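Single-letter residue listing:
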Amino acid sequence: MRKTKFWLVLSLIATSLSIFACKKDSTATKNPIPEESKAKASTKLLNATTVATTDYELIWSDEFNSSGGFDSTKWSYADRGTVAWNKYMTSLPAYASQDGSNLVLRMDNAVVAGDPVAYHAGGVKSMGKFSMTYGKVEVRAKFTQGRGSWPAIWMMPEPATAYGGWPSCGEIDIMEHVNNESVMYHTIHNGSVTNANGGSTAWFFINFGELG
């Protein structure tokens, strides 16, 4: 098994994030997803037994309980790119800031002087600030469901191209909400499970109606 360090990307609203490392070695048991309906499978995920926090040691966290800019020792702006999720990323405080109790990441169609893209969105990443090999990630976040939104929290290897370009490099989506769908996805990407169109066979979802 290759050891990979991961860094985190957040977009759109996070209220807290904590990362724990195992205190002692343990052997993971991989259970196949049961052959049930997707609805039943997502309910099983919600009712799954989690490992007690006492088995872990907190090694990194951010409660986002300040005001103004985010902690630059832990985060930097997510870079603008050419693919669907990052082509509107905007490195301005108006799109990524703390309000005293939350990290607020915005998206809108406002006109920004000198930046002619049709939309602007906020995102932050921990690349170059923090990464881990093994452990547990806890995130408390919420977002506004709406057409055109693509909020996501995911982990990528560091360096990002350590094992090749995407998807061979690997990716773990903690959560992803696509456009205005009524479900939230948990997905793994790599060269084996991801096809040429970006779809993965290693995914799970939770229906919004099951979260209430």
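Scroll up to find the structure.
Residues numbered from 1 in each chain as written. Predicted model: local features only at pLDDT ≥ 70, side-chain atom pairs only at ≥ 80, totals over all residues. Heavy atoms only, no water.

Draft legend 1. Structural context of the overall build of the protein. Helices and strands together make up the secondary structure of the protein, namely one helix and 15 strands. Looking at the protein as a whole, 35% of its 212 residues qualify as buried. Taking the contacts inside the protein whose residues are at least 6 apart along the sequence as the reference set, 67% of them involve residues at least 24 apart. By element, 53% of the accessible surface of the protein is carried by carbon and sulfur atoms, the whole surface being about 12,400 Å². (Helix = DSSP H or I, 4+ residues; strand = E, 2+ residues; numbered from the N terminus. Buried < 20%, exposed > 50% of the residue type's maximum accessible area, 1.4 Å probe, protein only. Contact = heavy atoms within 4.5 Å. Areas by Shrake-Rupley, 256 points an atom, 1.4 Å probe, with all protein chains shown as cover.)

Draft legend 2. Expanded view of the pattern of salt bridges. In this structure the tally under the stated criterion is four salt bridges. Residue Asp 115 pairs with Arg 80 through a salt bridge whose shortest N-O separation is 2.8 Å. Taken together, the residues Asp 115 in the loop between strand S8 (107–108) and strand S9 (120–121) and Arg 80 in the loop between strand S5 (76–77) and strand S6 (96–99) connect sequence positions 35 residues apart. Given the relative accessible area of 17%, Asp 115 is considered buried. (Salt bridge = Lys/Arg side-chain N within 4 Å of Asp/Glu carboxyl O.)

Draft legend 3. Here's a closer look at the packing of aromatic side chains. For the structure shown, the criterion picks out eight aromatic pairs. On the basis of an interplanar angle of 75° and a centroid distance of 5.3 Å, the ring pair of Trp 60 and Trp 75 is categorised as edge-to-face. One end of the pair, Trp 60, is in strand S3 (residues 56–62); the other, Trp 75, is in the loop between strand S4 (67–68) and S5, with 15 residues separating them in the sequence. Grouping residues by exposure puts Trp 60 and Trp 75 together as buried. (Phe/Tyr/Trp six-rings, centres within 6.5 Å; stacked < 30°, edge-to-face > 60°.)

Draft legend 4. Molecular detail of unusual backbone geometry. In this chain, Glu 158 is followed by Pro 159 through a cis amide linkage whose omega measures 0°. With respect to the secondary-structure elements, Pro 159 resides in the loop between strand S12 (152–157) and strand S13 (171–176). Trp 166 connects to Pro 167 through a cis peptide bond whose omega is 5°. Structurally, Pro 167 can be placed in the loop between S12 and S13. For Phe 64, which is not a glycine, the phi torsion comes out positive at approximately 55°. Relative to the helices and strands, Phe 64 is located in the loop between S3 and S4.

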